[in-house]
Amino acid sequence: MKELAKSGAIDADLAAAFDASPNPYMLLTPDLRYAGMNQAYLAALEVSREDLLGKPIFDVFDAGPGDEGRSNARQLRASFERVLKDNRRDHLALIRYAVPRRAANGERVLEERFWSATHTPIHDADGRIAYILQHTTDITELEQLRRRVAGVDRKRALDSILSGNVLQRAEHVQQANRQLETERNRLLEMFMQAPGFVAVLSGPDHVFQMHNAAYSQLIGHRPITGKPVREALPEVEGQGFIAFLDSVYATGEPHEGRASRVELQRAPNAPLETVWLDFIFQPIRDDSGSVIGMFVQGHDVTGTVHAAERQKLMIDELNHRVKNTLATVQSIAMQTARSHTDPRGFAESFQARLLALSHTHDLLTRSHWEGASLRAILEHETEAHGPHRISLNGPPVALEPSPALSFGMIFHELATNAAKYGALSVPEGQVLVDWAVSDLKKPMLHLSWRERGGPPAAAPTRKGFGSRLIERNVRHDLSGAVELDYAVAGFSAEFSVPLDRGRVA
């Protein structure tokens, strides 16, 4: 220990007492290199301090040849690794480990020895493991004596006299400890890899003892082990969860939450984020039945909650659209019936208008009811008359579902009227449709429908269903204005419709 005392790692008086101890001690660094040893350790192994300092322990000593030697080395290495991993003392009640000895002829040979070893973590000022302290006891003579009397009738009695069955019990305990360690590691691995979030809290302040990767991800990978909930997750104060924990701890009755809303800070200095959780707080009891902690388990169901909200919105929107569509169909049926006294004429007109409504629905369905293009609606409603007879000129304009349906019905009535009485009723007739958008801050659509090359237009003696539908849709549904002109040169219609409910593409 002199070299550690010189470096200031330990007190000089402590180093002197350590070096003078009759019990063998040595110190290893976390990478299992010799950092120090006392005189009793050097004497037991018949080596000098220079032979060991700074060297890996498994390069200096060989556990012996064959599978048994490799197994002994693995057993010793596993004990060191448990100390480093679990940060706690580890015991080897019995381990066979050969050590080099100097024979009479001066050669170094391996001598079989049996040891009982204790490995203890030594921490630095920051709480990290700086060294592993090994204390060993050479029990070779006792083990050899036990083996010599094996097979003799007096073995059990002699074992009891010589060692009180200590070695046998130690072997059984060590084997049981290894099995328990394996099971513990398996359970810990399952705990850490659980798909849902899991945490273990202790005491009335609900101190975090352990938590898995899913819980760490949920809270933004904050260091929470050893901290009470109020300190580890200060943003949950006042959200009801600490009160639930207090209640479970006081009553011993578990608490379950379904799609519970919680505001969490999931990144450093980030704003709070809304998360929805399914969870359960279950009490942990001691042997007397008293509550000593809490087992927290649950799942992040934020995606499921959002999906349910979207589904409800879609259903509500669908119900609204169905009601509007049925009202439109009812209006079309009533107005068409007023304009046609014979059933056949009614059926033809009614079917044509339903098809026009259906065409616009098809366009909206393709865009998942996000909207439809003004040009696409015009093309749908006029394509039956031939694209060479219809001139469409204007910028891209995207309409929301409700205006799209209204324009679909309007263009159907204009095209039907042109085919019956206007420019599309003669081979040389044409329809010119021009539109533009003004004032992009508060956009207004200006659309002109002009018929040329057809018979002279004449104002109707009475207003028919088509005219009433156009005027009603423009004024009431589109909040716009329309002017219908029955000039000798041909029918025309001028529309001015605000697009604040739509958007310019």
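Keep in mind it's a predicted model, so treat the numbers as computed, not measured.

Caption draft 1: Layout of the sheet that holds strand β7 (residues 129-138). Strand order in the open sheet made by the 5 strands is β2-β1-β7-β6-β3, with antiparallel pairing throughout. The open sheet terminates on both sides in strands that have one partner only, identified here as β2 (34-37) and β3 (90-96). Neighbour-to-neighbour, the strand axes of this sheet turn through a mean angle of 25 degrees, independent of strand direction. Relative to β7, strand β6 (residues 114-123) runs antiparallel, the two being bridged by 9 bridges. Across the sheet, residue Thr120 finds its bridge partner in β7, namely Leu133.

Caption draft 2: Up close: the packing of aromatic side chains. Tallied over the entire structure, the rule returns 9 aromatic pairs. A centroid spacing of 4.8 Å and a plane angle of 40 degrees characterise the contact between Phe279 and Phe281, whose relative ring orientation is tilted. Overall, Phe279 belongs to the buried group, its relative accessible area being 6%. The exposure class assigned to Phe281 is buried, which follows from its relative accessible area of 6%. Linked through ring pairs, Phe241, Phe244, Phe279 and Phe281 together constitute an aromatic cluster. Lying across the ring of Phe58, Arg77 places its NZ or CZ 4.2 Å from the centre.

Caption draft 3: Looking closely at the pattern of salt bridges. In this structure the tally under the stated criterion is 14 salt bridges. The salt bridge partner of Asp278 is Arg258, with a shortest N-O separation of 3.6 Å. Of this pair, Asp278 sits in strand β11 (residues 273-285) while Arg258 sits in strand β10 (residues 255-264), and the two are 20 residues apart along the sequence. Take Arg258: its relative accessible area is 59%, and that puts it in the exposed class. Glu273 is paired through a salt bridge with Arg266; the nearest N and O atoms lie 3.6 Å apart. For Glu273, a relative accessible area of 37% gives the class partly exposed. Through salt bridges that share partners, Asp124, Asp126 and Arg128 make up one connected network.

Caption draft 4: Molecular detail of helix α12 (residues 241-251). All of the buried residues along α12 are Phe241, Ile242, Leu245 and Val248. Summarising the axial view, the buried residues of α12 lie within an arc of 120 degrees, below the 170-degree limit, and thus occupy one face. On its buried face, α12 sits against β8 (197-202), α11 (229-232), β10, β11 and β12 (291-300).

What counts and what doesn't
- Residues numbered from 1 in each chain as written.
- Predicted model: local features only at pLDDT ≥ 70, side-chain atom pairs only at ≥ 80, totals over all residues.
- Heavy atoms only, no water.
- Pairing = 2+ DSSP bridges.
- Helix = DSSP H or I, 4+ residues; strand = E, 2+ residues; numbered from the N terminus.
- Axes fitted to C-alpha atoms, helices over the stretch in contact; angles between N-to-C directions.
- Phe/Tyr/Trp six-rings, centres within 6.5 Å; stacked < 30°, edge-to-face > 60°.
- Buried < 20%, exposed > 50% of the residue type's maximum accessible area, 1.4 Å probe, protein only.
- Lys NZ or Arg CZ within 6 Å of the ring centre and 35° of its normal.
- Salt bridge = Lys/Arg side-chain N within 4 Å of Asp/Glu carboxyl O.
- Arc of directions from axis to C-beta.
- Contact = heavy atoms within 4.5 Å.

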